[in-house]
Amino acid sequence: PPNQHEHNMPAIIQQLFGTSEKRTENNGVGRETMFENALSHLKSANKKLFDKKRLRTDCIEAMQAFPFLIPTTETLGQGKGTVLKLEGKVYMFYKTAQYVVPVKVLVDSEYPRTWPKCQIRITEDLEIPPHHHRVDVSGDVYLTCLTKESWNHKKS
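1. Digging into the overall build of the protein chain
So, point 1. Along the backbone of the protein chain there are 3 helices and 4 strands.
So, point 2. Going from N to C terminus, the protein chain has its helices and strands arranged as α-α-α-β-β-β-β.
So, point 3. In the protein chain, buried positions account for 41% of the 156 residues.
So, point 4. Taking all contacts inside the protein chain whose residues are at least 6 apart in sequence as the whole, residues at least 24 apart take part in 55%.
So, point 5. When the accessible surface of the protein chain is summed, it comes to about 9,400 Å², and 51% of that surface belongs to carbon and sulfur atoms.

2. Observations regarding the nonpolar core
So, point 1. In this structure, Phe35, Leu55, Leu84, Leu86 and Ile120 are the most contacted members of the largest nonpolar core, which totals 30 residues.
So, point 2. Contributing elements (two or more residues each) for this core: helix H2 (31–44), helix H3 (52–65), strand E2 (81–94), strand E3 (97–107) and strand E4 (117–120).
So, point 3. Of the residues forming this core, the biggest block, 5 residues, is contributed by H3.
So, point 4. Dropping the residues within four chain positions of it, Phe35 is found in contact with Leu55, Arg56, Cys59, Ile60, Met63, Pro71 and Leu84.

3. Comments concerning the confidence of the model for the protein chain
So, point 1. Summarising the model, the protein chain shows a mean pLDDT of 78, and 80% of its residues fall at 70 or more.
So, point 2. Strand E1 (residues 70–76) holds the highest mean pLDDT among the elements of the protein chain, 91, whereas helix H1 (residues 9–17) holds the lowest, 59.
So, point 3. Under a pLDDT of 50 for its full length, residues 1–6 has, in the predicted model, 4 contacts with residues more than four places off or in other chains.
So, point 4. Under a pLDDT of 50 for its full length, residues 20–29 has, in the predicted model, 20 contacts with residues more than four places off or in other chains.

What counts and what doesn't
- Residues numbered from 1 in each chain as written.
- Predicted model: local features only at pLDDT ≥ 70, side-chain atom pairs only at ≥ 80, totals over all residues.
- Heavy atoms only, no water.
- Helix = DSSP H or I, 4+ residues; strand = E, 2+ residues; numbered from the N terminus.
- Buried < 20%, exposed > 50% of the residue type's maximum accessible area, 1.4 Å probe, protein only.
- Contact = heavy atoms within 4.5 Å.
- Areas by Shrake-Rupley, 256 points an atom, 1.4 Å probe, with all protein chains shown as cover.
- Core = buried A, V, L, I, M, F, W, Y, C linked by side-chain atoms within 4.5 Å.
- pLDDT = per-residue confidence, 0-100.

Below you can see the structure in the form of structure tokens.
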């Protein structure tokens, strides 16, 4: 597990799902451009980024560590606005089986002052067992490092 003071996005995703298997067919080409387009979309939605450099660094690092994560934006309901979204499939191993887990990581414009929200996308082929200790039945992921009480934007 990552050092408790290393709660950047790649470390958080790795803590959730383990090490990603590198794939050569999608080695990040074009995703930096997609990321810049997503940032432009946030700007057009009147989102002022708290720390654009840190957001860019952490997201690019996450996309390099997990080659199937694609950057876009998502508009949340109930007036919560638009957020940056890294979405894709993460390959993980549990016991002796390999799983392909569809995930999304939502990053608010206040990052790193606020922590990323991680979700597993529930599909026909993937359901979360009741009472899972890290994921609820709707797919929301819960880690101690992703709570108001433990998130420290200066160290995270």
